[in-house]
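Listed below are the residues making up each chain.
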Amino acid sequence: MITVETLAELRAHIAQARSEGKRIGFVPTMGNLHNGHMTLIDEAAEQCDFVVASIFVNPLQFNDKDDLKRYPRTLSADQMHLKDHDCDLLFFPDVDEVYPNGQAQQTLVGVPEVSQGLCGGSRPGHFDGVSTVVSKLFNMVQPDAAFFGEKDFQQLAVIRRMVADLCMPIEIIGVPTCREPDGLAMSSRNGYLSAEERVQAVHLSKALITLKEQIRAGSSDFPMLIEEAKAYLNEHGLTPDYVEICRVDTLKQASTDDKELVILGAVFLGSARLIDNFTLTLS
């Protein structure tokens, strides 16, 4: 696997792959890689001929500067994981390479509607930072396909809308959430949890699964179901940020007439903020 740090180096390798007629797959990450990331790399390798991963801890998407400072940087371990999973090239730029004119002067990309509420409501400016850096990375790498985990469901919706609205010739492929044996969604932020908190954390997925099964069984009082889920989380030591039942396509609050739903939740536990979701199709 090749590791490059500059746009010039990246484009030289991309040009070579293009000249050989290779389909380019791209997996953007912030590093601290786990098996969920590796599933994205494996899917990219399955569908593409040349796999590019990026590691860039994007300051524009952190509204909490302390959170940015403590985000884990594990480059050597990440490189080993990527080598073991058929990644061809790692792009590892520094902040000045991505934002050469400084962050304050950076043109921002904003995606309306789907970036509102949920994590967008709890983390002001977060999705402007995400869509801006992903649009820059897409222009740098110019992939045929890009792979994102469905755990970050709102992020995936934002990227899909951005690509469609800006007519980017990139196929966006969502990959199902990878879970620990007890059901907890894999996340870099799980590393923030103490042993006791790790045991508690599984109650997020349990609450959302219960909510999903209640709806499948015919329960239609969505506000009541949401309050029950929040109460369950509180009882088990998790502080809800939000629990919502939304339409899959717009992420607006769902009505009982909607058939394609996504149940989303975010909680605070110790120093970690955890998210999860489950989709549901009603007949």
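The structure under discussion appears in the preceding block.
What you see is a predicted model; the values in this text were computed from it and never measured.

How each quantity is defined
Residues numbered from 1 in each chain as written. Predicted model: local features only at pLDDT ≥ 70, side-chain atom pairs only at ≥ 80, totals over all residues. Heavy atoms only, no water. Pairing = 2+ DSSP bridges. Helix = DSSP H or I, 4+ residues; strand = E, 2+ residues; numbered from the N terminus. Axes fitted to C-alpha atoms, helices over the stretch in contact; angles between N-to-C directions. Expected span 1.5 Å × (residues − 1). Buried < 20%, exposed > 50% of the residue type's maximum accessible area, 1.4 Å probe, protein only. Arc of directions from axis to C-beta. Contact = heavy atoms within 4.5 Å. Salt bridge = Lys/Arg side-chain N within 4 Å of Asp/Glu carboxyl O.

Undergrad: Mind showing me how you'd approach the sheet that holds strand β9 (residues 272-281) here?
TA: Backbone hydrogen bonds are what pair the strands of a sheet, in a parallel or an antiparallel way. Spatially, β7-β8-β9 is the arrangement adopted by the three strands of the open sheet, whose pairing is antiparallel. Strands at the two margins of the open sheet, each flanked by one partner only, are β7 (239-247) and β9. When strand polarity is set aside, the average angle formed by the axes of neighbouring strands in this sheet is 10°. Bridge count between strand β8 (residues 260-269) and β9: 10 bridges; the pairing is antiparallel. Looking across to β9, one finds that Ile263 is bridged to Phe278.

Undergrad: I'm lost on helix α1 (residues 7-19) in this one. Help?
TA: Between its first and last C-alpha, α1 extends 18 Å over 13 residues, near the 18 Å set by a 1.5 Å rise per residue. Those residues of α1 that fall on the buried side of the exposure criterion are Leu10, Ile14 and Ala17. Taken end-on, α1 shows its buried residues confined to a sector of 60°, consistent with a single buried face. Seen from the open side of α1, the exposed residues pointing more than 90 degrees away from its buried face are Ala8 and Ser19. Of the surrounding secondary structure, the elements contacted by the buried residues of α1 are β1 (2-4), β2 (24-29), β3 (50-55), β4 (89-91) and α7 (126-141).

Undergrad: I tried to follow the sheet that holds β4 on my own but got confused; where do I start?
TA: An order of β1-β4-β3-β2-β5-β6 is seen for the six strands of this open sheet, with the pairing classed as parallel. This sheet does not close on itself; its edge strands, each paired only once, are β1 and β6 (171-175). Put simply, the sheet's adjacent strands are angled 25° from each other on average, direction ignored. Sheet topology places β3 next to β4; three bridges connect them, and they run parallel. The residue bridging Val52 from the neighbouring strand is Leu89, located in β4.

Undergrad: What exactly am I supposed to notice about the pattern of salt bridges here?
TA: It is possible for side chains of opposite charge to pair when their charged atoms get near one another. For the structure shown, the criterion picks out 13 salt bridges. The residue Arg18 makes a salt bridge to Asp144 at a minimum N-O spacing of 2.9 Å. Here Arg18 is found in helix α1, whereas its partner Asp144 is found in the loop between α7 and β5 (145-149), with 126 residues between them in sequence. Overall, Arg18 belongs to the partly exposed group, its relative accessible area being 34%. By relative accessible area, Asp144 is classed as partly exposed at 25%. Its salt-bridge partner being Lys22, residue Glu20 comes within 3.1 Å of it at the nearest N-O pair. Taking relative accessible area as the criterion, Glu20 reaches 45% and is therefore assigned partly exposed. In this structure Lys22 comes out as partly exposed when scored by relative accessible area, which is 30%.

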